[in-house]
Amino acid sequence: AAFLWSLDRLAAVPPPAEEQLRCRVLYVSPLKALAVDVERNLRAPMTGIRHTAARLGEHEPDITVGVRSGDTPAADRRKLATTPPDILITTPESLFLMLTSQARESLRGVETVIVDEVHAVAGTKRGAHLALSLERLDELLEKPAQRIGLSATVRPIEEVARFLGGSRPVEVVAPVSTKEWDLKVVVPVEDMTELGVLSDEPAEGSAAGGGQRNSIWPHVEERVVDLVEQHRSTIVFANSRRLAERLTARLNEIATERAGLSAEGVP
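Cut-offs and rules
Per chain, the residues get numbers from 1 upward, laid out in the order the sequence is written. Side-chain atom pairs in this predicted model are given and counted only at pLDDT of 80 or more, local residue features only at pLDDT of at least 70, and totals for whole chains, interfaces and linings cover all residues. Think of the side-chain values as coming from all heavy atoms in the structure, minus any hydrogens and water. Angles run from 0 to 180 degrees between N-to-C directions of axes, and those axes are lines fitted to C-alpha atoms, restricted for helices to the stretch in contact. Starting at the N terminus, helices and strands are each numbered in turn, a helix being any DSSP run of H or I of at least four residues and a strand any DSSP run of E of at least two. Roughly parallel covers angles under 35 degrees, roughly antiparallel covers those over 145, roughly perpendicular covers 65 to 115, and oblique covers all other angles. The contact criterion used is simple: two residues touch if any of their non-hydrogen atoms lie within 4.5 Å. Here the term charged refers only to Asp, Glu, Lys and Arg, the term nonpolar to Ala, Val, Leu, Ile, Met, Phe, Trp, Tyr, Cys and Pro, and the term polar to all other amino acids, Gly among them. Every case where a carboxyl oxygen of Asp or Glu lies within 4 Å of a side-chain nitrogen of Lys or Arg is listed as a salt bridge. Note on exposure labels: buried denotes an accessible area under 20% of the residue type's maximum, exposed denotes more than 50%, and partly exposed covers the range between, all computed with a 1.4 Å probe on protein chains only.

A.B. asks: Could you give me a rundown of the packing of helix α2 (residues 32-41) against helix α3 (residues 43-56), with the residues and numbers involved?
C.D. replies: It is at 4 Å that the axes of α2 and α3 come closest, and there the two elements cross at 20°. Between α2 and α3, the crossing angle belongs to the class labelled roughly parallel. Of the residues in α3, those touching α2 at Glu39, Arg40 and Asn41 are Arg43, Ala44 and Pro45. Considering only residue class, the contact of α2 with α3 consists of two nonpolar, one polar and three charged.

A.B. asks: Can you tell me about the pattern of salt bridges, naming the residues and giving the values?
C.D. replies: Where charged atoms from two side chains of opposite charge approach closely, those side chains can pair. Inspection of the entire model under this criterion finds 20 salt bridges. In this structure, the salt-bridge partner of Asp138 is Arg168, at a minimum N-O distance of 2.8 Å. Taken as a pair, Asp138 in helix α6 (residues 125-140) and Arg168 in the loop between α7 (157-165) and β6 (198-202) lie far apart in primary sequence, 30 residues in all. The exposure class of Asp138 is buried, given its relative accessible area of 9%. Looking at Arg168, the relative accessible area reads 29%, which means it is partly exposed. Sharing partners across several salt bridges, the network here consists of Glu135, Asp138, Arg147 and Arg168.

Next up, the structure:
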């Protein structure tokens with residue numbers, strides 16, 4: 001959602017003639033891993049834009065993306081400074097280093113700043129440091145960049161908006177949404193009183209005692225497989241890793257039996 005408007009503008013408006021002004025979108029992530037994921041997730045829409053333009057016979061936009069973090073090699077940092085990409089993905093600390101070095105010249109064309117997971121930095125020393133960097137960036141530009149803050153769990157919204165915008169007005173986009181619960185308590189056996197009763201089937205193994213008592217687990221396992229088959233995704237919670245592994249193995253066995261396959265996957 002945050003990149004949509006920027007990608008549309010980058011695709012429609014040709015890059016500036018001056019190479020140093022090419023970087024027009026700055027994405028700031030508090031996590032390096034998130035920055036890498038965002039760079040990877042941008043490849044699909046940009047590839048789609050190029051394919052669509054080619055199919056329509058239009059000019060294929062060449063939108064470039066770069067990542068600058070603490071893990072970026074020195075050679076790549078120099079390349080980003082001399083030939084900046086259209087979209088630069090970075091972290092608060094790397095942004096500060098750029099603004100306090102000659103690399104700040106590559107940020108003079110920034111028009112949009114996207115601050116992701118803004119709740120993770122607002123109200124912290126790291127957030128105060130980032131706020132200072134954003135003000136330094138605006139001082140570098142001809143006009144202040146548009147700031148977009150993203151968060152799924154931000155509270156209180158007004159305070160975070162003030163942190164993001166500083167002295168400038170901020171428009172809060174927070175559509176009202178209600179959670180709809182579909183909660184069911186299901187007992188996979190018809191009669192709970194039958195549990196613990198001695199079973200007619202003999203117990204197996206040399207360590208087995210007398211008789212084998214009825215267990216609820218076979219019914220639970222069958223019911224879980226039923227639910228997995230009825231839905232696209234299912235989350236099953238277990239009390240321990242050992243139990244999770246045993247349950248997973250049993251669910252695979254049941255699914256194999258229902259598919260009419262042997263343990264080796266052969267009919």
